[in-house]
Amino acid sequence: DLTITGNDIICENENTIIEVKGGGASTQYLWSTGETTQSINVSPMVTTDYYLKSVSEICGKIESYDTVTVRVDPLPLPEFEMFPVQPPYTITTNIRFNDISTTPLGSIISWMWDFGDGTISSAKDPMHTFVDTGMYLVKMYSTNTFGCTDTVAKLVEIKVDFNIYIPTAFTPNGDGLNDAMEIY
């Protein structure tokens, strides 16, 4: 008696090992993939049936014939946008990160954001203010109803906030008050 084991539900771009439990030392295996080992590592792109035929080495007769179906669930298509849309972003800018992910089937059920500065969020559309200048790799992980997760990442540059004050009037009359125009 042969039993095929392995994870029979995977997400796109994943793999699973299908293994035969049972059979004797003299049993030979033939998979529909052409492999002749007791276990095979498969990574189908679509739902696929794998067939196994076991043959007894002693008498040459087929002992067992079995099938396992590996179902392949779709990955979500993660994407996000930032508001305000136009950089530059500064340490005083409160940035809204909006999830615009889609999935071929089902729906998006959870999000995880990594802002690249040591802070994370599980909100769908979080707000975040960076406290220092620099380049930050913001990653968003989205998970769909099948439990499949994918990620998207974007660089965000946070610049120094410059304020330039220009006087609106000056009186160069030699009285020591507002005699010169200065930018500071």
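Anyway, here's the lowdown on the structure attached to this text. Here the structure is a predicted model, which means the values were calculated and not measured.

Quick notes on the rules
- Residues numbered from 1 in each chain as written.
- Predicted model: local features only at pLDDT ≥ 70, side-chain atom pairs only at ≥ 80, totals over all residues.
- Heavy atoms only, no water.
- Core = buried A, V, L, I, M, F, W, Y, C linked by side-chain atoms within 4.5 Å.
- Buried < 20%, exposed > 50% of the residue type's maximum accessible area, 1.4 Å probe, protein only.
- Helix = DSSP H or I, 4+ residues; strand = E, 2+ residues; numbered from the N terminus.
- Contact = heavy atoms within 4.5 Å.
- Salt bridge = Lys/Arg side-chain N within 4 Å of Asp/Glu carboxyl O.

1. A short note on the nonpolar core
Core analysis: the biggest nonpolar cluster contains 16 residues, and Phe80, Ile95, Phe97, Trp113, Phe130, Val138 and Val156 have the highest contact counts within it. Looking at this core, the elements with two or more residues in it are strand S8 (80-83), strand S10 (95-99), strand S11 (108-114), strand S14 (134-144) and strand S15 (149-159). Ignoring sequence-local partners within four residues, the contact set of Phe130 consists of Ile91, Ile95, Phe97, Phe115, Asp117, Tyr136, Val138, Val156 and Ile158. Counting twelve residues, the second largest nonpolar core, distinct from the first, contains Val20, Tyr29, Leu52 and Val72.

2. Some points on the pattern of salt bridges
Once their charged atoms are close, side chains differing in charge can pair, the charge on each being opposite to the other. On inspection of all chains with the given rule, the structure shows two salt bridges. We note a salt bridge from Arg71 to Asp73, for which the minimum N-O separation is 2.9 Å. Its salt-bridge partner being Glu79, residue Lys154 comes within 2.7 Å of it at the nearest N-O pair. Remark: Glu79 occurs in the loop between strand S7 (62-73) and S8 and Lys154 occurs in strand S15; sequence separation between them is 75 residues. Classification of Lys154 by relative accessible area gives partly exposed; the value is 24%. Taking the relative accessible area as the measure of exposure, Glu79 reaches 29% and is therefore partly exposed.

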